[in-house]
Amino acid sequence: MDLVPLAIQEIKLITPKRFGDHRGFFSETYNLDSFTACGIDTVFVQDNHSLSGTSGTIRGLHFQSPPKAQAKLVRCGHGRLFDVAVDIRKGSPTFGRWVGEELSFENGRMMLVPAGFAHGFMTLEPDTEIIYKCSEVYAPETEGAIRWDDPDIGIIWPLDMAEPQLSDKDSVAPFLREIETPFTIEDS
């Protein structure tokens, strides 16, 4: 497993090894012992899988507040997506900054997004599947969202689309400056 910290050090890009032959490949995408040996002690309790039929679908930027804050281990099961994490921890030197990486079936990469970060993605191909592990179960009473196009964050999405595909909830999410973030750097 290759593990690389991104520009925001808490966020990691992970590439599991693939073992292939004429039949295809095998890859171990999660192993508690291997992750612990790399310094990742997050325990995951829920797996999610979603399909976006249209290229240019944006889901996010989402988070869950304590005590149900979620870390996520994100990968692409089919297609390609641009995965984004935004630091929303008060007092963090990287507060309001973002990092993004392309995850695809082909590259097999995964992104580890700790609690304290808002998460979202844009699909780059039709019928893109995202598969992710969460460190807490879904708790709708703790969920929050930030606008995908918040100018103070300034995410550079790879597809320049006049009208990306959004859920009703995501299209009316508040800007980061309009929310009282439930995270502090001390929580990390």
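Residues numbered from 1 in each chain as written. Predicted model: local features only at pLDDT ≥ 70, side-chain atom pairs only at ≥ 80, totals over all residues. Heavy atoms only, no water.

Caption draft 1: Here's a closer look at the pattern of salt bridges. Under the definition given, this model contains 12 salt bridges. For the salt bridge of Glu102 with Arg80, the shortest nitrogen-to-oxygen distance reads 3.1 Å. Taken together, the residues Glu102 in strand E10 (residues 98-104) and Arg80 in strand E8 (residues 80-87) connect sequence positions 22 residues apart. Looking at Arg80, the relative accessible area reads 28%, which means it is partly exposed. Ionic pairing is found between Glu125 and Arg80, a salt bridge with its closest N-O pair at 3.0 Å. Here the residue Glu125 occupies a position in the loop between strand E12 (117-123) and strand E13 (128-134), and Arg80 occupies one in strand E8, the gap between them amounting to 45 residues. When its relative accessible area of 29% is taken as the criterion, Glu125 is described as partly exposed. Each member of the salt-bridge network shares a partner with another, and the members are Glu10, Asp87 and Arg89. (Salt bridge = Lys/Arg side-chain N within 4 Å of Asp/Glu carboxyl O. Helix = DSSP H or I, 4+ residues; strand = E, 2+ residues; numbered from the N terminus. Buried < 20%, exposed > 50% of the residue type's maximum accessible area, 1.4 Å probe, protein only.)

Caption draft 2: Geometry of the UniProt feature "active site" (unreviewed entry) in the chain. Following the UniProt record, the feature "active site" (unreviewed entry) maps to His62 and Tyr132 here. In terms of the greatest pairwise C-alpha distance, the residues named above, spread along 71 residues, form a tight cluster of at most 13.5 Å across. From the list above, the largest cavity is lined by His62. The residue His62 is located in strand E6 (residues 58-64) in this model. Structurally, Tyr132 can be placed in strand E13. Not counting residues up to four positions away in its chain, the partners in contact with Tyr132 are Gln46, Asp47, Asn48, Lys72, Leu73 and Val74. (UniProt positions renumbered as here; feature names shortened; annotations may be inferred. 1 Å grid on protein atoms, 1.4 Å probe; cavity = no way out; pocket = protein on both sides within 12 Å on 5 of 7 lines; lining within 4 Å. Contact = heavy atoms within 4.5 Å.)

Caption draft 3: Molecular detail of the packing of aromatic side chains. Per the stated rule, a full pass over the model turns up seven aromatic pairs. Judged by centre distance (5.5 Å) and plane angle (85°), the rings of Tyr30 and Phe44 are edge-to-face. Note that Tyr30 is positioned in the loop between strand E4 (24-27) and helix H1 (32-37) and Phe44 in the loop between H1 and strand E5 (46-52), a separation of 14 residues in sequence. We classify Tyr30 as partly exposed; its relative accessible area is 25%. Between Trp148 and Trp157 the ring centres are 6.4 Å apart and the planes differ by 55°, which places this aromatic pair in the tilted class. No difference in accessibility class separates Trp148 from Trp157, as the two residues are buried. (Phe/Tyr/Trp six-rings, centres within 6.5 Å; stacked < 30°, edge-to-face > 60°.)

Caption draft 4: Seen up close, unusual backbone geometry. Of the consecutive residues Gly60 and Leu61, the connecting peptide bond is found in the cis state with omega at 15°. Considering the arrangement of structural elements, one finds Leu61 in strand E6. Each neighbour pair has its own omega, and for Pro66 with Pro67 the value is 10°, a cis peptide bond. When you line up the elements, Pro67 lands in the loop between E6 and strand E7 (72-78). Even without being glycine, Asp127 reaches a positive phi, approximately 55°. Within the fold, Asp127 resides in the loop between E12 and E13. By relative accessible area, Asp127 is classed as partly exposed at 40%.

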